[in-house]
Amino acid sequence: MENQEPQIEKLPQDDVSDREPDQKKLKLSTTDQDTYLPGSGGAERRAPKYRRRKVAIVFAFCGVGYQGMQKNPGAKTIEGELEEALFHAGAVPEADRNKPRQYEWARSARTDKGVSAVGQVVSGRFYVDPPGFVERLNSNLPVQIRVFGYKRVAPSFSSKKFCDRRRYVYLIPVFALDPCSHSEAEMVRTDSGYEYVKCVECSEKGYKIPLGVMGKDTSDDTKSVEIQSDISSSNCDALGTDVKCEALSSSVANGENNLNSEVPDGVDASPCVKTEANPDSSSKTEDMQDKLDTLAKGEMNNVESDTDIIKSESNFCYGEKEKERFNRILSYYVGSHNFHNFTTRTKAADPAANRYILSFDANTIINLDGKDFVKCEVVGQSFMLHQIRKMIGLAVAIMRNYAPESLIQTAFKKDVRINVPMAPEVGLYLDECFFTSYNKRFKGSHDEVSMEAYKEVTEEFKWKHVYSHIGSAEEKDGAVAIWLHSLNERNYPDIRRNEYKPDQVIVYKKIGEASEEKTPEEKKENSNGAAVVVDKVIVETLDEQKITVEENTTG
């Protein structure tokens, strides 16, 4: 067979079309430049398509007027304002509006109502292109909320999970640490118990003290006259000051003076003297009560002159002794403890009650609107609701000699429940969030998440919005001054009750001129002819000796 060439079917010439090969599609740029269609001669334009980026946004806010950081339906929150700004800035599409899970929203810290922040960080997947993302956000935010910038982060980044520690700052006025400032000298006894009458220091500033702040003694025992003094002259001496405390309760006669004479110098003591009616000496009790009522009226009538004495002789300042004592009190919080008494709705058995505090100190003083404030800095892994405000509240109560230092260690016990005072929210702000582990792990591949690049703008915002608000709030409203009046046994009765421990050593001492120790049942006439019964003198030891004396005097 002869080799035959294969026949190839030839298409008609009309069926062959002059077609050019398809060009490859160009990748769209993520810039704000317009994209031109190929072969169109630049006549038609297509809007660029942008990709979502995982970023960490650094911002600050002043918390006045907001119900905290976390979004809450029906409440005005920082998170709600920020989500709306992200939507209007084009970072969140319409389909994901009010759906934070869709763009992996996370916050590094939550703040209470009225609390500010200068180093808050949130993260999520947003459309950050084209350039000008920060400017678009700030244009849709109020002036008290400012975005400083953002950082491109790893896809697995979460500002909550990758935050190693947080640093909070609380600014407490120096006068709040003075035991004789805004004391209970304004309390008088009425038929229904001790009631608030007038605070001269607050009245001069025009502060309005709400009803119920001071508390009320609702005892039904009309036969007893109870005079309480949270501050005595010996307390002021213990602080190394020359402050003269002109309290009503300090003017009751020799029983309390003898009581204070038994307390060694430098020891916190807050005596409680009770005078009970005796059927055999009812006339003496009535005379004593009349004298006390007359004394209270006379002291309140001359309260302005007494205030002048306090102002002229009070020279309390946050010196080295006060700084050493306050830092010692704050150091009890450092370490891993159970803070169930320093929060709400968390039981002692809950593992979430265990928190680790890295440091807590108060070494800096700043002046705001003519007032000195102590800067208390606390660094911890995480904090619970109201935890920092309650830690500051108890520390201030101890500085004012209302509670013993040992009470902090007692509050950490799981089987003890204590109502701890909570400081106002106005002085607290979130200073910085740290991402040390993340920065080490992704060093070289991603930007470092820190406040280093925003130090100048942060400091400017801090003085312009946060510090100015704290100073003006204390000057105009007296938030801390009013709160100090609530630090009494009527509002927090179990603070002193939990001071006593079963394993304490009870020492019975005689009050008066005798030198021999007597049992509680023994009585002896003192130089004034009054029979004195010593119930108990409790001696504690924790860094320094603490003595609490309670006596019953029968006329």
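Rules used throughout
Residues numbered from 1 in each chain as written. Predicted model: local features only at pLDDT ≥ 70, side-chain atom pairs only at ≥ 80, totals over all residues. Heavy atoms only, no water. UniProt positions renumbered as here; feature names shortened; annotations may be inferred. Buried < 20%, exposed > 50% of the residue type's maximum accessible area, 1.4 Å probe, protein only. Helix = DSSP H or I, 4+ residues; strand = E, 2+ residues; numbered from the N terminus. Contact = heavy atoms within 4.5 Å. Phe/Tyr/Trp six-rings, centres within 6.5 Å; stacked < 30°, edge-to-face > 60°. Lys NZ or Arg CZ within 6 Å of the ring centre and 35° of its normal. Expected span 1.5 Å × (residues − 1).

Per an unreviewed UniProt entry, the chain carries the name tRNA pseudouridine synthase and comes from Cardamine amara subsp. amara. Per UniProt, the chain carries the Subcellular location (unreviewed entry) text "Nucleus". Under the UniProt heading Sequence similarities (unreviewed entry), the entry covering the chain gives this text: "Belongs to the tRNA pseudouridine synthase TruA family."

### Quick look at helix 1 (residues 78–88)
A large share of helix 1 lies buried, amounting to eight of its eleven residues. The set of residues buried in helix 1 consists of Ile-78, Glu-79, Gly-80, Leu-82, Glu-83, Ala-85, Leu-86 and Phe-87. In this fold, the buried residues of helix 1 make contact with strand 3 (53–61), strand 4 (106–107), strand 5 (116–126), helix 2 (133–139) and strand 6 (145–152). A positive backbone phi angle near 85° is found at Gly-90, which sits one or two residues after helix 1.

### A word on the packing of aromatic side chains
Applying the stated criterion across every chain yields a total of 22 aromatic pairs. With a centroid separation of 5.9 Å and 65° between ring planes, the pair formed by Tyr-429 and Tyr-467 is classed as edge-to-face. Separated by 38 residues along the polypeptide, Tyr-429 in strand 15 (residues 428–434) and Tyr-467 in helix 12 (residues 455–476) bring together distant segments of the chain. Each member of the pair Tyr-429 and Tyr-467 is classed as buried. Members of the aromatic cluster, joined through ring pairs, are Phe-157, Phe-162, Phe-435, Tyr-438 and Phe-442. A cation over a ring is seen here: Lys-76 above Tyr-66, with NZ or CZ 4.8 Å from the ring centre. In this arrangement the basic side chain of Arg-165 is found over the ring face of Phe-434, its NZ or CZ atom lying 4.4 Å from the centre.

### Focus: the UniProt feature "binding site: substrate" (unreviewed entry) in the chain
Under the UniProt annotation, the feature "binding site: substrate" (unreviewed entry) is placed at Tyr-168. Within the secondary structure layout, Tyr-168 lies in strand 7 (residues 165–173). Judged by relative accessible area, Tyr-168 falls into the buried class, the value being 6%. Those residues within four positions of Tyr-168 in sequence are excluded, and the remaining contacts are Ala-109, Arg-110, Thr-111, Cys-376, Glu-377, Val-378, Phe-383, Ile-388, Leu-428, Tyr-429, Leu-430 and Asp-431.

### Description of unusual backbone geometry
With an omega dihedral of 0°, the bond running from Asp-129 to Pro-130 counts as a cis peptide bond. With respect to the secondary-structure elements, Pro-130 resides in the loop between strand 5 and helix 2. Despite not being glycine, Glu-104 shows a phi value in the positive range, around 55°. Along the polypeptide, Glu-104 turns up in the loop between helix 1 and strand 4. Positive phi, close to 60°, is recorded for Arg-345, a residue that is not glycine. Relative to the elements of secondary structure, Arg-345 occurs in the loop between strand 12 (335–338) and strand 13 (354–368).

### Thoughts on helix 9 (residues 387–399)
Between its first and last C-alpha atoms helix 9 spans 19 Å; for 13 residues at 1.5 Å apiece the expected length is 18 Å, and the two agree. Among the 13 residues in helix 9, 13 count as buried, and that is most of the element. One or two positions beyond helix 9, positive phi appears at Asn-401, with a value near 65°.

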